[in-house]
Structures are given as structure tokens and as C-alpha cells.
Amino acid sequence: MSNEAVELAAGPVRLRLADGELHYVSAGSEEVIRRIFFAVRTGTWDTVTPKFETVNITRGKDGFQVALKARCTGLGDVDYSWEAEILGAGDGTITFKAS
């Protein structure tokens, strides 16, 4: 995934997707959340930067769906692959599931 941000909307909620993270989640003109992301950490709490293998963004009339697949390696003995789904519904509900 590039560093280029993608603007997404779910009903009245607006946000920016960049590097697998949600930024500047706003309802109307008010920012309500600065950042949502899935973090992989080492035993000493260092954050391992993910390398994205898949980023699929689907925009609908009132919402969106994002599918991510990433691998975190290169820091200590961490080698962890994960997938996430981010859903934005027309009523403004945002769901971020990772495993």
C-alpha cells in the first residue's frame, strides 16, 4: 500500500485510509477519532511495520469495504501475517476486524 491517502465515507462519517490505518474520522465538521490501526508489537513494545500484500477498496452508494492482508517481519524474531476487514455502513458505523 502506498503512502497516498484515500478518502472514504460511510453515511455522515468521513475518514482517510493510509497505510492500513484510519485517520481523521469525522462526523459532520467534528473530528471524533484521530487514528485506528492494528499493531503488531515485539516483546519490548516496539511496533513492527506491516508490508501489505493485499489492499482492496470497494466503495458503495453509502459506505465502503476494505480488505487488507499484511505481513510483519524484520524486527526481532517477529513473523506475523494478518488480515483485516474494515466496513463503513450508511448509518455511519465503522467496523475494523483483524485476525
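Criteria and thresholds
Residues numbered from 1 in each chain as written. Predicted model: local features only at pLDDT ≥ 70, side-chain atom pairs only at ≥ 80, totals over all residues. Heavy atoms only, no water. Salt bridge = Lys/Arg side-chain N within 4 Å of Asp/Glu carboxyl O. Buried < 20%, exposed > 50% of the residue type's maximum accessible area, 1.4 Å probe, protein only. Pairing = 2+ DSSP bridges. Helix = DSSP H or I, 4+ residues; strand = E, 2+ residues; numbered from the N terminus. Axes fitted to C-alpha atoms, helices over the stretch in contact; angles between N-to-C directions. Contact = heavy atoms within 4.5 Å. Core = buried A, V, L, I, M, F, W, Y, C linked by side-chain atoms within 4.5 Å.

**With respect to the pattern of salt bridges**
Item 1. If you walk through the whole model with that rule in mind, you get four salt bridges.
Item 2. A salt bridge links Glu 7 to Arg 16; the shortest N-O distance between them is 2.9 Å.
Item 3. The class of Glu 7 is partly exposed, set by a relative accessible area of 48%.
Item 4. The exposure class of Arg 16 is partly exposed, given its relative accessible area of 33%.
Item 5. Where Arg 71 meets Asp 79, a salt bridge forms, and the shortest distance between an N and an O atom there is 2.7 Å.

**Section: the sheet that holds strand E7 (residues 50–59)**
Item 1. With antiparallel pairing, the four strands of this open sheet are ordered in space as E7-E8-E9-E10. Only two strands of the sheet have a single neighbouring strand rather than two, namely E7 and strand E10 (94–98). Going from strand to strand, the sheet's axes swing by 10° on average, the running direction of each strand aside.
Item 2. Strand direction decides the pairing type here: E7 and strand E8 (residues 64–73), joined by nine bridges, are antiparallel. Counterpart to Ile 57 in the pairing with E8 is Val 66.

**Quick word on the sheet that holds strand E1 (residues 6–10)**
Strands in a sheet are paired, the pairing made by backbone hydrogen bonds, and the direction either parallel or antiparallel.
Item 1. Within the open sheet, the four strands sit side by side as E1-E2-E3-E4. Their pairing is antiparallel. Edge positions in the sheet fall to E1 and strand E4 (30–36), since each of these pairs with one other strand and no more. Across the sheet, the mean angle separating the axes of adjacent strands is 20° when strand polarity is ignored.
Item 2. Here five bridges tie strand E2 (residues 13–18) to strand E3 (residues 21–27), and the two strands are oriented antiparallel to one another. In the sheet register, Arg 16 faces E3, and the bridge partner there is His 23.

**Section: the environment of Val 48**
Item 1. Inspection of the secondary structure assignment puts Val 48 in strand E6 (residues 47–48).
Item 2. Counting along the chain gives 19 residues from Val 48 to Ser 29, while the straight-line C-alpha distance between them is 33 Å.
Item 3. Among residues more than four places away in sequence, those in contact with Val 48 are Val 40, Thr 42, Cys 72, Thr 73, Leu 75 and Val 78.

**Regarding the pairing of E4**
Item 1. Of the strand pairs in this sheet, E3 and E4 are connected by five bridges, and their pairing is antiparallel. Residue pairing for E4: His 23 is matched across the bridge by Arg 35.
Item 2. Turn length for the E3-E4 hairpin, with the two strands adjacent in sequence and antiparallel, is two residues, and the turn residue Gly 28 shows positive phi of about 65°.

**Concerning the nonpolar core**
Item 1. Counting 20 residues, the largest nonpolar core has Leu 8, Leu 15, Phe 64, Val 66, Leu 68, Trp 82 and Ile 86 as the members making the most contacts within it.
Item 2. Put simply, the parts of the chain that give this core at least two residues each are E1, E2, E3, E8 and strand E9 (79–88).
Item 3. Here the element with the most residues in this core is E8; it accounts for five residues.
Item 4. Setting aside chain neighbours within four positions, we find Phe 64 in contact with Leu 8, Ala 9, Ala 10, Leu 15, Thr 58, Arg 59, Ile 86, Leu 87, Gly 88 and Ile 94.

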